[in-house]
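Listed below, chain by chain, are the residues.
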Amino acid sequence: MMRLFRPIVLALAGLALAMAGPVDAAVAAKGQFSWVGPKGRPFFVDNPPDGRCYTMSQEAHGAHNGTGSPATIYSGKQCKGKSVHLTPGHGAPRGTAFSSVRFG
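Just so we're clear, the structure is a prediction, and the values are computed from it rather than from any experiment.

K.L.:
Describe the side chain of T67, naming the residues involved and giving the relevant values.
P.N.:
Along the chain, the position of T67 falls in strand β4 (residues 61–67). Residue classification places T67 among the buried residues on the basis of a relative accessible area of 4%. Side chain to side chain, T67 and N65 meet in a polar contact 2.6 Å long. Here the side chain of T67 touches S69 through a polar contact of 2.9 Å, landing on its backbone oxygen. Those residues in contact with T67, other than ones at most four positions away along the chain, are A29, K30, G31, Q32, F33, P48, P88, G89 and F103.

Laid out in structure tokens, this is it:
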């Protein structure tokens, strides 16, 4: 019995050490960013990483920044074009369409 138990304990200890390792330096915008897509369907992303540009694959409007970080929505793909800054907890002006977003 002890021979079977030892490998299980070692595996669990190894898993605990791996999980307690160094924390990733990437910072995430804690919370949820939401928007309205085609046919009025709601979409969202949880805890998006700061500094990364997300390009929408389809129409998007009604952006709401429910994260704790500022977000900027852009009229063009690849975070280019006219931009609108969204502070944490706020939404874009009604009817504002966007093609990409960046957090942080």
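K.L.:
Pulling in residues and values, what's your account of the sheet that holds strand β1 (residues 31–36)?
P.N.:
Read across the open sheet, the three strands follow the order β2-β1-β4; overall the sheet is antiparallel. The two strands at the open ends of the sheet, each matched to only one other strand, are β2 (42–46) and β4. Averaged over all pairs of adjacent strands, the angle between their axes in this sheet comes to 15°, without regard to strand direction. Inspection of the sheet shows β1 paired to β4 by five bridges, in the antiparallel sense. By the bridge assignment, V36 is partnered in β4 with H61.

K.L.:
Can you break down the nonpolar core residue by residue, with the values?
P.N.:
Grouped together as the largest cluster of nonpolar side chains are 14 residues, with contacts concentrated most on F33, I73, F98 and V101. Counting only elements with at least two residues in this core, the list comes to β1, β5 (71–74) and β7 (100–103). Excluding anything up to four places from it in sequence, I73 contacts F33, A63, K82, S83, V84, L86, A92, T96, F98, S100 and V101.

K.L.:
Summarise unusual backbone geometry; cite the residues concerned and give the values.
P.N.:
In this structure, N47 takes a positive phi of about 50° despite not being glycine. For N47, the location among the structural elements is in the loop between β2 and β3 (53–55). Classification of N47 as partly exposed rests on a relative accessible area of 37%. Even without being a glycine, Q78 presents a positive backbone phi close to 60°. Take Q78: it is sitting in the loop between β5 and β6 (83–86).

Rules used in this analysis
Residues numbered from 1 in each chain as written. Predicted model: local features only at pLDDT ≥ 70, side-chain atom pairs only at ≥ 80, totals over all residues. Heavy atoms only, no water. Helix = DSSP H or I, 4+ residues; strand = E, 2+ residues; numbered from the N terminus. Buried < 20%, exposed > 50% of the residue type's maximum accessible area, 1.4 Å probe, protein only. Polar contact = N/O pair within 3.5 Å; in protein donor to acceptor, adjacent residues only side chain to side chain. Contact = heavy atoms within 4.5 Å. Pairing = 2+ DSSP bridges. Axes fitted to C-alpha atoms, helices over the stretch in contact; angles between N-to-C directions. Core = buried A, V, L, I, M, F, W, Y, C linked by side-chain atoms within 4.5 Å.

Without other data, these values stay purely geometric and don't point to any function.
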